[in-house]
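The lines below spell out each chain.
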Amino acid sequence: MRELDQLLTKSAIQAIKDCFGDNVDPGIIQFQQTRVEFEGHRTLVVFPLTRISKLSPEATGEKLGQWLVQHEDLIQSYQVVKGFLNLSVSADYWTNQLLRASAMNPYGFQEPESKPLVMVEYSSPNTNKPLHLGHLRNNFLGFSVAQILKAAGHQVKKVQIINDRGIHICKSMVAWQRFGENETPESSGLKGDKLVGKYYVAFDRAYKEEIQSLLANGADEDTAKKEAPLLIAAQEMLHQWEKGEPAVVELWKQMNGWVYDGFDATYAEMGVDFDHLYYESNTYLLGKDEIARGLKKNVFFQKDDGSVWIDLSEDGLDEKLLLRKDGTAVYMTQDIGTAIKRYEDFPGLDRQIYTVGNEQEYHFKVLFKILEKLGVPGANRNFHLSYGMVELPEGKMKSREGTVVDADDLLKEMAETAQQMAIDLGKVEGLDEEAIKTLSKQVGYGALKYFLLKVSPTKSMMFDPKASIDFIGNTGPFIQFNFVRASSVIRKCQEAGITTDIGAIDAEAWDELELRLIQDLLIWPETLELAAEQYDPSIIANHCYEITKAYSRWYQDHSILKESNTSKQHARISLTKLFIHEIEIAMKLLGVEMPERM
RNA sequence: GGUUCCGUAGCUCAACUGGAUAGAGCAUCUGCCUUCUAAGCAGACGGUUUUGGGUUCGAGUCCCAACGGAAUCACCA
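The rules behind the values
- Each chain has its residues counted from 1, running along the sequence as written.
- By the order in which they are written, chains take letters starting at A while ligands take numbers starting at 1.
- Two thresholds apply to this predicted model, a pLDDT of at least 70 for residue-level local features and 80 or more for giving and counting side-chain atom pairs, whereas whole-chain, interface and lining totals are computed over all residues.
- Here the side-chain values reflect all heavy atoms present in the structure, with hydrogen atoms and water set aside.
- Using a 1 Å grid laid over the protein atoms alone, points where a 1.4 Å probe fits but cannot get out form a cavity; open sets with protein on both sides within 12 Å along at least 5 of 7 lines form a pocket; any residue with an atom within 4 Å of a point counts as lining.
- Grid points are joined across faces, edges and corners, and a volume is the space filled by probe spheres set on the points.
- What counts as a helix is a DSSP run of H or I of at least four residues, what counts as a strand is a run of E of at least two, and both are numbered from the N terminus.
- Under the grouping applied here, Gly and all other residues not named as nonpolar or charged are polar, the nonpolar ones being Ala, Val, Leu, Ile, Met, Phe, Trp, Tyr, Cys and Pro and the charged ones Asp, Glu, Lys and Arg.
- We count a salt bridge whenever a side-chain nitrogen from Lys or Arg sits within 4 Å of a carboxyl oxygen from Asp or Glu.
- For every residue, the accessible area (1.4 Å probe, protein chains only) is compared with the maximum for its type, and the residue is labelled buried under 20%, exposed over 50%, or partly exposed between those bounds.
- Residue contacts are counted whenever heavy atoms from the two residues lie within 4.5 Å of one another.
- In this analysis, rings of Phe, Tyr and Trp, with Trp reduced to its six-membered ring, are considered paired at centre separations within 6.5 Å, and the interplanar angle assigns stacked below 30 degrees, edge-to-face beyond 60, and tilted for intermediate values.
- In our convention, an over-ring charge means Lys NZ or Arg CZ found within 6 Å of a ring centre and within 35 degrees of that ring's normal.
- Interaxial angles span 0 to 180 degrees and are taken between N-to-C directions of axes, which are lines fitted to C-alpha atoms, for helices over the stretch in contact.
- Oblique is the label for any angle not under 35 degrees, not over 145, and not in the 65 to 115 range, which are roughly parallel, roughly antiparallel and roughly perpendicular in turn.
- Handedness of a helix crossing follows the sense of rotation of the near helix relative to the far helix, less than a right angle counterclockwise being left-handed and clockwise being right-handed.

Caption draft 1: Highlighting the layout of surface pockets. Roughly 510 Å³ of volume is contained in the second largest pocket. If you go around the second largest pocket, you meet 22 residues; those closest to its centre are Gln-33, Val-36, Arg-516, Asp-520 and Ala-550. Residue assignment for the lining of the second largest pocket shows that the elements contributing at least two residues are helix H19 (512–522) and helix H21 (537–556). Counting residues per element, the lining of the second largest pocket draws most heavily on H21, which supplies 7 residues. Partitioning the lining of the second largest pocket into residue classes produces 8 nonpolar, 5 polar and 9 charged.

Caption draft 2: A look at the pattern of salt bridges. Enumeration according to the criterion identifies 28 salt bridges in this entry. Of the charged contacts, one joins Lys-225 and Glu-221 as a salt bridge, the two residues approaching to 3.4 Å between their closest N and O atoms. With Lys-225 and Glu-221 both in helix H9 (residues 221–227) and 4 residues apart, the pair spans about one turn of that helix. Residue Lys-225 is classed as partly exposed on the basis of its relative accessible area of 40%. Here Glu-416 and Lys-412 are joined by a salt bridge, their closest N and O atoms 3.8 Å apart. Separated by 4 residues within a single helix, Glu-416 and Lys-412 lie in helix H16 (residues 407–424), roughly one turn from each other. Note on Lys-412: relative accessible area 54%, which makes it exposed. A single salt-bridge network, built from bridges that share partners, covers Lys-191, Asp-193, Lys-194, Asp-406 and Asp-408.

Caption draft 3: Up close: the environment of Lys-373. Tracing the backbone shows Lys-373 in helix H15 (residues 361–373). Exposure remark for Lys-373: the relative accessible area of 36% places this residue in the partly exposed category. Residues Lys-373 and Glu-416, 43 residues apart in the sequence, show an inter-C-alpha distance of 52 Å. Not counting residues up to four positions away in its chain, the partners in contact with Lys-373 are Val-299, Ile-310, Leu-312 and Asp-315.

Caption draft 4: Seen up close, empty space enclosed by the protein. Scanning all chains against the criterion turns up 2 cavities of 30 Å³ or more. When its volume is computed, the largest cavity comes out at roughly 40 Å³. Lining the largest cavity, in full, are Leu-410, Glu-413, Met-414, Phe-463, Asp-464, Pro-465, Ala-467, Ser-468 and Ile-469. Grouping the amino acids of the lining of the largest cavity by side-chain chemistry returns 6 nonpolar, 1 polar and 2 charged. Considered as a void within the structure, the second largest cavity measures approximately 40 Å³ in volume. Together, Gly-108, Gln-110, Lys-115, Ala-152, Pro-525, Leu-528 and Glu-529 line the second largest cavity. Take the lining of the second largest cavity: its biggest share by element is 3 residues, from helix H20 (residues 524–534). A per-class count over the lining of the second largest cavity returns 3 nonpolar, 2 polar and 2 charged.

Caption draft 5: A look at the packing of aromatic side chains. With the rule as written, the count across this model stands at 19 aromatic pairs. Pairing Tyr-551 with Tyr-555 gives two aromatic rings, centres 6.2 Å apart and planes at 40°, and the pair type is tilted. Of the two residues, Tyr-551 and Tyr-555 both sit in helix H21, 4 residues apart, roughly one turn of that helix. By relative accessible area, which is 1% here, Tyr-551 ends up buried. In textbook terms, an aromatic cluster arises when at least three aromatic residues are bridged by ring pairs, as seen for Tyr-122, Phe-263, Tyr-267 and Phe-274. In this arrangement the basic side chain of Lys-303 is found over the ring face of Trp-309, its NZ or CZ atom lying 3.9 Å from the centre. Sitting over the ring of Tyr-555, Arg-485 keeps its end group 4.0 Å from the ring centre.

Caption draft 6: Spatial organisation of the packing of helix H18 (residues 476–495) against helix H22 (residues 566–589). In the contact formed by H18 and H22, the axes pass within 10 Å of each other and the chain directions differ by 140°. Our classification of the angle between H18 and H22 gives oblique. Handedness of the H18/H22 crossing: left-handed. Contacts between H18 and H22 involve Gly-476, Ile-479, Asn-482, Phe-483, Ala-486, Ser-487, Ile-490 and Cys-493 from the first element and Ile-573, Thr-576, Lys-577, Phe-579, Ile-580, Ile-583, Glu-584 and Met-587 from the second. In terms of residue class, the contact of H18 with H22 is made up of 10 nonpolar, 4 polar and 2 charged.

Caption draft 7: Seen up close, the environment of Pro-185. Along the chain, Pro-185 falls in helix H7 (residues 185–188). The exposure class assigned to Pro-185 is buried, which follows from its relative accessible area of 14%. Ignoring sequence-local partners within four residues, the contact set of Pro-185 consists of Leu-190, Gly-192, Leu-195 and Trp-258.

Take a look at the structure:
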């Protein structure tokens, strides 16, 4: 489509020169898709040209239209509506483009690894509790963006940093020691992450009881919170861990091991994976050297008490602490160290994309600014893939109030709903149990992924657990259904001995609706490019819905098997095949699989 | 209070980055299965794009102000 617009722009410039005698800047030529209610395919916006033509918009369009039809073979006819010149492009052109697109596999993808290496970080969970709905949005987003960047020609590394150390995991450890009675995933039948999460909750409950009794004994709230024996025990455990106390490290390894088994199972269900893992226990000491170096270069400064800071007030940000007065690291210190380490780990790394909630926008602004000031090349290309919170009708998810939507539970529920629906609709006849399970997951998970990815990442979104996710309308299953239906037609053609390898198409065979549909399909390469540039899977989701809706409408009254005119039949087969191909590769970028039947 | 993001149909979201009469889905009504899969299609209903100014041929989109919501402004991670 861009190619077409470039051709048309060239012609338009020539037309303006011939008609009005002026050379114009290509920037003023503006093409867009003609709205469906009007005749034509591409529309030239003529308002900006009236200054040159010194005519009314209508007269300007009229003149240019005449010139273009006369001099440009591509253009068959034109219509002027107000300040818009609608051009009808020849069916030959669309036919050729369709054939060209069909010959590419996958259509619209750039040469693999033709663009620089980028790193996409996502998930990055704490190891003290199971994954929840927020993680689902995070993982699907990050994974999808990684896929999109790959398709756009980038070399991509998918990573996560596992927050495996700190007071939070120590809380679970303390509680397990106190109340666990050596319970294991095996003995309890609980998934490892669920088991550890259970003790995190147990800690919190016991901790609160301790506070209550301290308060009852006359302590004030602050001291009660700080001096509850359980909290002291957890802090002590963290110290011992940092000293490398073998028993503590052993317990820590064991409990984290359980959590990893649990996470791995969830990731496998979600269909996401990673190329490389970072552990906070390995990276939390990083960054101090960088602080020292920055101090020498006067990027940072030291206060009288010995703490190290950076002053970003000139950049519209505040002063930010980088090293405590006792010389220990803060979160930012680690992140600086880890970011720099990654450039070392992956030579040629062009940029890092961090999939992290929008509550950390300020943090990443500061981080990128610091990296820039430290002289890290390309630091300003790094990107915080910031996404909005998933909100429940009653507000935010709060673990204390038990409103957290568990990832495993939701996935399971989606598959079950999909299965029930398939049974109700009579779609499972002749399928064995294994096939029903596969189908239910494809459809149920597809619905969930599409639901979470179709809204722009930056927006916070609403999720109502009671009103379950739809399977009809603008949904993943709607798209899957049309894929399946179209695939089935092609299969039946083959069974009937109708050739589905279309080498040539008669341009006369198309009707206007079909030329529209071809156009919609041909925007794909630019859609993909845009999604990659903006790190935004929702652009792809919306495209999938648009073409599917258009195809579904067309499908309704354009039969293929019963079409007696062979050139029409061939044309429709080629159109259907491109649709199938495009929808499959596009949805795959969202992590959504296509079922064989449904 | 400062900064950032957001406010579009009863609900959930779009709008090709300034273009034509602001579009979909859900919900509510009406039609369409003897016809390649009805998880579908066609139609109806639903809007002063929070409000008020401004910029221009043209504003949901850009600027200013107000109102409302969210995040952040930690020697937490």
